[in-house]
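Breakdown of the fold
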Amino acid sequence: MKNDIISVVMATAILCSPIIAQAEESGDVCMDITLETMQAHVPIPPSTILSKQEVNGVCEVILDINGQYVPVYAGKNFIIAGEMFQDKKQITQSRIDGLNAEKFIRLKPDIEKCVALSYTPKKGIKQTIYMITDPVCPFCHQAESQLKEFAEKNAVAFKIILASVHPPVGKQKAIEAVCRNLSLDDYIKGTWQEENKTSQYQCQKGLALIDASEKVVTQLGLDGVPVFFLENGQRIDGADMLALESALSSIAMKVSDAK
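Residues numbered from 1 in each chain as written. Predicted model: local features only at pLDDT ≥ 70, side-chain atom pairs only at ≥ 80, totals over all residues. Heavy atoms only, no water.

1. Points about the state of the cysteines
Cut-off, in case you're wondering: By definition, disulfides here are pairs of cysteine sulfur atoms that lie within 2.5 Å. Note on conventions: DSSP H or I runs of at least 4 residues are helices, E runs of at least 2 residues are strands, and numbering of each starts at the N terminus. Here the term buried applies to any residue with accessible area under 20% of the maximum for its type, exposed to any over 50%, and partly exposed to those in between, with areas from a 1.4 Å probe on protein chains only.
Throughout the structure, instances matching the rule amount to 2 disulfides. Between the sulfur of Cys30 and that of Cys59 lies a disulfide, 2.1 Å long from S to S. Across the disulfide from Cys30 to Cys59, rotation about the S-S bond amounts to roughly 115°, and the bridge is consequently right-handed. Of this pair, Cys30 sits in the loop between helix 2 (17–25) and helix 3 (35–39) while Cys59 sits in strand 2 (residues 58–65), placing them 29 residues apart in sequence. Summarising the burial analysis for this pair, Cys30 and Cys59 share the class buried. A disulfide bridge connects Cys179 with Cys203, and the sulfur atoms are separated by 2.0 Å. Taking the torsion about the S-S bond as the criterion, the Cys179 to Cys203 disulfide, at about -100°, is left-handed. Taken together, the residues Cys179 in helix 7 (residues 169–179) and Cys203 in the loop between helix 9 (191–194) and helix 10 (204–219) connect sequence positions 24 residues apart. Take Cys179: its relative accessible area is 15%, and that puts it in the buried class. When the cysteines engaged in disulfides are numbered in sequence order, the protein pairs them as 1-2, 3-4.

Here's what the structure looks like:
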């Protein structure tokens, strides 16, 4: 969705060097930037401005569009869509990652209420990882098959939130998993899915939990699974356990450096 929005903006966005020069001289380049001034140049879906800040002489605006954060760079007479790079770094994405982490931390109490399954390693916990998954997602199963080994190796606990991106079957299966009171082992093994008893396990408790989970997932701006979140809100997309392990190592190094 984010790419679709950026494509719409880019189709009509313009860039003019003299305008940027004027913006640099104006003092506060973001002062007069509003949704209304931007919509004068390009159609923007219903949204709110999450943040505005001057970056390299132009106003960086982060839009919240249905829970997804979309960056644009704006002046009184132009809009530039896309991301900004500086010194070989994707500085726009860094800002969005920070905002997404803040949102995760803000929503954490609601996320905790949506935990359907969990796993605690035998030798203590250094970190808790939240996994958003779907019972009928093959990439999710790929990651799930490695959870216990990963947890024991890295001393992390996993908390699993079920939210389907494959309705209606995925949602019904998620409800079934809750209503069956499955352990993580039984959930991962998957034999329960082969019994074809989904219609028998559609309890109110399961429906309420999965509805709440899908609401939180929408608020997080997710449109695919699996997704992992560390306690600090750092997000890792996909069944990339090496990236997840690398993220944990980075946190451990920062903690060590701070001591």
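2. Let's talk about the environment of Gly98
Following the sequence through the fold, Gly98 ends up in helix 4 (residues 91–113). In sequence terms Gly98 and Gln234 are 136 residues apart; their C-alpha atoms lie 8.0 Å from each other.

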